[in-house]
Amino acid sequence: MAWIDDTKAHDADQIPDGFQDGHVRLTIAIPTINRAYCIRRAIDSALAQTANNIEVLVSNNGATDETRSILDSYSDPRLRVFHRETTISSADHANFVIDQVRGELFVGLSDDDYLEPQFAERVLALFDRHPDMSFCYTRCWVQVGDAALPSPAGPELEDALSLFQGYFTGRRHLFWCATATRIADIRRLGGLPRQTNLGDLYVWGALAFNGPVGCVGELLSHYTYLAGDNLSTGIPPCAWANEIFEIIEQILSRFDPARVPAPVRSELRVAMHRFLARTTANQFALVAARGSGKLMLWRALCQCGHYLAAEPFLCISRVMAALVLPAWLLKILLIRFVVRHSRWTRPSHGRSSHTE
């Protein structure tokens, strides 16, 4: 079935200042399915932006709950709504959303995430100061259970090598809901490959080489982690590991050997494979906490356990917990571990994160 554009017509006097000429600088796109319990928070945060020249695009991927009636209750002229009666894959849905964007810049906001009112204003100001940026991100509050953990920040501008050195060693953390990219650049990539699960890392890995990457040092977005229905926590461990491996190999291949010495590339490769090992072990625990069968996890360990070799001592406890513990206990332990030991609880740039 084709998409139904449920965008409503509005009188000119209803349109905010800076929006009348139809020029949209930033599109905040919210794909959603069966998240009636939180979609209003995401939309309200997008519409509360202090910048005027934005649009909010919400795409309902065949929800069967109260999502449609919630979306139909809005009448803001900046809001565009699409409905679909049947559900398509997350990658196909993302590509549909990308095709509909009217803004110069694009932010993908998950339906369980939300923004601070100054997000768009600060991002647009950074692009105005540095028009050669490839993309930019803001710091982000990571919501884990009842805790809110602040992500680390990078410098206002850095090149691809610096970004990835920081990202794969835990000194940077980027979130899709806190990242603004030029929509033209994403379209030049051809959108997301059909089987893509980790679209954010795929996009960053490609676009970071187009110019410097910017960072707004304020905490302007909120990312919900370890929610029971997060799509990312349901990705099978081997699919997760294989995709990350392909992306990091593509990133490494982009560095010019004449500009980046072999020892530097070798050090980055080691950091990337340690990151791959840690996140693969985490994915075993995450899917187990969602109730995946132990036999499936054992088979996955046989198929992609070799990715864990870069961090064997760290990974073994996480994987064994996934293979042995019941889902309810594992989820409790995961939340406690993240709150106490994650990179987001560590000091950033000399400031204690607990004071923020």
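Starting afresh in each chain, residues are numbered from 1 along the sequence in its written order. Selection of residues for local features in this predicted model requires a pLDDT of at least 70, selection of side-chain atom pairs for listing and counting requires 80 or more, and totals for whole chains, interfaces and linings are taken over all residues. Heavy atoms throughout the structure, all of them, feed into the side-chain values; hydrogens and water do not.

With 111 residues, the main nonpolar core has Ile30, Phe164, Phe168 and Tyr225 as its most contacted residues. Labels follow the DSSP assignment, with helices taken as runs of H or I lasting at least four residues and strands as runs of E lasting at least two, numbered in each case from the N terminus. Among the elements that take part in this core, helix 9 (residues 262-289) stands out by supplying 13 residues, more than any other. Excluding residues within four positions of it along the chain, Ile30 makes contact with Ile39, Ala42, Ile43, Ala46, Val56, Leu57, Val58, Ser59, Leu109, Ser110 and Asp111. The term nonpolar core refers to a set of buried residues drawn from Ala, Val, Leu, Ile, Met, Phe, Trp, Tyr and Cys, joined through side-chain atoms within 4.5 Å. Relative accessibility decides the category of a residue: with a 1.4 Å probe and only protein chains considered, values under 20% of the type maximum give buried, values over 50% give exposed, and everything between is partly exposed. Note on contacts: a residue pair qualifies if any of its non-hydrogen atoms lie within 4.5 Å across the two residues.

Think of it this way: a Phe, Tyr or Trp ring, Trp meaning its six-membered ring, pairs with another when their centres are within 6.5 Å, and the plane angle makes it stacked under 30 degrees, edge-to-face over 60, tilted otherwise. On inspection of all chains with the given rule, the structure shows 13 aromatic pairs. Judged by centre distance (6.1 Å) and plane angle (35°), the rings of Phe164 and Phe209 are tilted. Taken together, the positions of Phe164 in helix 5 (residues 160-167) and Phe209 in the loop between helix 7 (199-207) and strand 11 (213-225) put the pair 45 residues apart, joining distant regions of the chain. Taken together, a centroid distance of 5.7 Å and an interplanar angle of 45° make the contact between Phe245 and Tyr307 tilted. In this pair, Phe245 sits in helix 8 (residues 237-254) while Tyr307 sits in the loop between helix 10 (294-304) and helix 11 (312-324), placing the two residues 62 residues apart along the sequence. Tyr307 sits in the buried class, given a relative accessible area of 12%. Linked through ring pairs, Phe106, Phe164, Tyr167, Phe168, Trp176, Trp204, Phe209, Phe255 and Phe275 together constitute an aromatic cluster.

So, on to the pattern of salt bridges. The term salt bridge refers to a side-chain nitrogen of Lys or Arg lying within 4 Å of a carboxyl oxygen of Asp or Glu. This model, assessed by the stated rule, comprises 14 salt bridges. Note that Arg122 and Glu218 form a salt bridge whose closest N and O atoms lie 2.7 Å from each other. Here Arg122, found in helix 4 (residues 119-129), pairs with Glu218, found in strand 11; they are 96 residues apart in sequence, far enough to count as distant. The exposure class assigned to Glu218 is partly exposed, which follows from its relative accessible area of 32%. Put simply, Arg35, Asp111 and Asp112 are held in one network by salt bridges that share partners.

Time to look at the pairing of strand 3 (residues 54-61). In terms of burial, strand 3 is a largely internal element, 8 of the 8 residues being buried. By the alternation rule, side chains of strand 3 split into Ile54, Val56, Val58 and Asn60 and Glu55, Leu57, Ser59 and Asn61, which are all buried. Whether a crossover is right-handed depends on one test, that the path from the first strand over the helix to the second runs clockwise when the strands point away from the viewer. Handedness of the β-α-β unit built from strand 2 (residues 26-32), helix 1 (residues 39-47) and strand 3 comes out right-handed. Bridge analysis of strand 3 against strand 4 (residues 79-84) gives 6 bridges, and the strand direction is parallel. Bridging from a neighbouring strand, Asn61 pairs with Arg84 of strand 4. Handedness of the crossover joining strand 3 and strand 4 through helix 2 (residues 67-72) is recorded here as right-handed. Note on pairing: two strands pair once DSSP finds at least 2 bridges between them.

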